[in-house]
Amino acid sequence: MTTFGFTLHATDGAARSGAIATPRGTIRTPAFMPVGTAGTVKAMLPESVAATGADILLGNTYHLMLRPGAERVARLGGLHAFMHWNKPILTDSGGFQVMSLAGLRKMSEDGVAFRSHIDGSTHMLSPERSMEIQRLLGSDIVMCFDECPALPASEAEVARAMRLSMRWAERSKQAFGDRPGHALFGIMQGGVTRELREESADALTAIGFDGYAVGGLAVGEGQEAMFGVLDYATGFLPADRPRYLMGVGKPDDIVGAVARGIDMMDCVLPSRSGRTGQAFTRRGVVNIKNASHADDPRPLDEHCSCPACRNYSRAYLHHVFRAQEILSSMLLTWHNLHYFQELMAGMRAAIAEGRFAAWQAAFHAGRAEGDI
Ligand SMILES: CNc1nc2cc3c(=O)[nH]c(N)nc3c(CCN)c2[nH]1
Ligand SMILES: [Zn+2]
């Protein structure tokens, strides 16, 4: 059985293309992971998610432990069987979601006690419990249990949270154990402070992980500050392991992150925006609810081969959005996920052929300002 392994195929500047081999299939990098928080990518059948070109999707420990419960998912054969997705799944560890969703949280060295945002029941998460839940779910790539400090945060607060997260990373590694074919990724913290980012990277590298995430970003710092961190932070991480930027992002965030050495990303943007009527295209964003689309017979994007663009006009998509038809979310989500995967495929090819700078210039040149 194939174990877990990352192969670098090409580099172009700081950008890299490669592949992550897992027992459930190969992940082409740079990769975008659709978010399937509660065991579903909202408004999409798993077959449709695969049709967009996604090699891996993301699930969430926090949501699945609350509902339907990790032990229940395990009894039913694990998350892949449960949600009918047989390709790789990466699960986040719950730390970030507890801080942003749960009520009545009590943080300690041991972990976090909290009340469910669904029914108020009490729960706890620790490195050990998070590893156990992710094992019960059967995810292929497990994330360390960490604390992502909410902004604004003082440097002292960022340092405290980073050092706690490094102690939790050690405990996560111990609890994860030796699981061939499964990977454990460490998560770098440290805010926007170079010295703290380097301290975190050194701590994680000393523990040793199958991949390394850059956490603590896309939390309101803005693109310039995020790119400023990525300009040095990816270089602190081992070059022969995947680098995963958590929670990113808009198309131009994604392109800029790949240009700075990031291999994997996840974001709710394409799916969430699809449900609010925003369609991403190579020329910019289409807000389908605008009256300007009511009589427009053209597709969202004449170059796009997704079902929404092949079979429907902007006028129809405007109509079903205004009518709050379920099909609206399905078609716009499919289009957006398809577009994000096209973006990744375009970057993988450009890096492999040594023309990433030209691809990046064309990407930025094609984008109109504002709605199109
Ligand atoms: C949307 N922005 C964003 N920033 C994140 C940072 C972390 C982070 O620092 N740690 C963890 N565990 N997850 C994060 C997530 C969730 C990724 N699905 C983030 N999302
Ligand atoms: Zn399309």
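Our structure's up above, just so we're on the same page.
Within any chain, residue numbers begin from 1 and follow the written order of that chain's sequence. Here the convention is simple: chains get letters from A, ligands get numbers from 1, in the order in which they are written. Given that the model is predicted, a residue must reach a pLDDT of at least 70 before its local features are reported, and side-chain atom pairs must reach 80 or more before they are shown or counted; all residues, however, enter totals for whole chains, interfaces and linings. The basis for every side-chain value is the complete set of non-hydrogen atoms in the structure, without hydrogens or water.

Notes on the overall build of the chain
Strands are runs of DSSP state E lasting at least two residues, helices are runs of H or I lasting at least four, and both sets are numbered from the N terminus onward. Looking only at helices and strands, one finds 15 helices and 16 strands in the chain. Each radius of gyration is computed over the set of C-alpha atoms, and the globule rule expresses the reference value as 2.2 Å times the number of residues to the power 0.38. Relative to a compact globule of 372 residues, whose C-alpha radius of gyration would be 21 Å, the chain shows 20 Å and is just as compact. C-alpha extents for the chain along the principal axes are approximately 60 × 45 × 45 Å. Per-residue accessibility, obtained with a 1.4 Å probe over protein chains only, is compared with the maximum for each type, and a residue is labelled buried under 20%, exposed over 50%, and partly exposed between these values. Within the chain, the fraction of its 372 residues that count as buried is 56%. Residue contacts follow a heavy-atom distance rule, with two residues in contact if any of their heavy atoms lie within 4.5 Å. Taking the intrachain contacts of the chain between residues at least 6 apart in sequence as the baseline, contacts between residues at least 24 apart amount to 66%. Here, Shrake-Rupley sampling with a 1.4 Å probe gives the accessible areas, and only protein chains in the shown set may cover a residue. A total accessible area of about 15,000 Å² is found for the chain, and carbon and sulfur atoms account for 53% of it. This count recognises Lys and Arg as positive and Asp and Glu as negative, with His and chain-terminal groups excluded. Every charge is mapped onto a representative atom, which is NZ of Lys, CZ of Arg, CG of Asp or CD of Glu. Within the chain, the 39 negative side-chain charges are centred at a point lying 5 Å from the centre of the 37 positive side-chain charges.

Here we look at helix α14 (residues 326-352)
A helix is expected to reach a length of 1.5 Å times the quantity of its residues less one. With 27 residues, α14 should reach 39 Å at 1.5 Å per residue; the first-to-last C-alpha distance of 39 Å fits that figure. Within α14, 19 of the 27 residues are buried, which leaves it mostly tucked inside the rest of the structure. The first or second residue beyond α14 is Gly-354, which carries a positive phi of 65 degrees.

Concerning the nonpolar core
Within this scheme, the nonpolar core is defined by two criteria: the residues are buried Ala, Val, Leu, Ile, Met, Phe, Trp, Tyr or Cys, and they are joined through side-chain atoms within 4.5 Å. By size, the foremost hydrophobic cluster in this structure holds 79 residues, and its most contacted members are Phe-114, Leu-230, Leu-245, Met-265 and Phe-356. For Met-265, the residues in contact, after removing those within four places along its chain, are Ala-31, Phe-32, Met-33, Tyr-244, Leu-245, Val-248, Ile-254, Ala-257, Val-258 and Met-344. By size, the runner-up hydrophobic cluster in this structure holds 19 residues, among which are Val-35, Met-143, Ala-183 and Phe-185.

Here's the deal with the site of ligand 1
In the region of ligand 1, 16 residues are neighbours, and Asp-92, Asp-146, Gly-216, Leu-217 and Ala-218 sit closest. Two N or O atoms count as a polar contact when they lie within 3.5 Å, although within protein this holds only if one can serve as hydrogen donor and the other as acceptor, and sequence-adjacent residues are included solely when both atoms are side-chain atoms. One nitrogen or oxygen atom from the side chain of Asp-92 is found 2.8 Å from a nitrogen atom belonging to ligand 1. In the environment of ligand 1, a nitrogen atom lies 2.7 Å from a nitrogen or oxygen atom belonging to the side chain of Asp-146. Protein contact buries 88% of the 450 Å² of open area that ligand 1 shows by itself. Any residue with a non-hydrogen atom lying within 4 Å of a molecule or strand is treated as near it.

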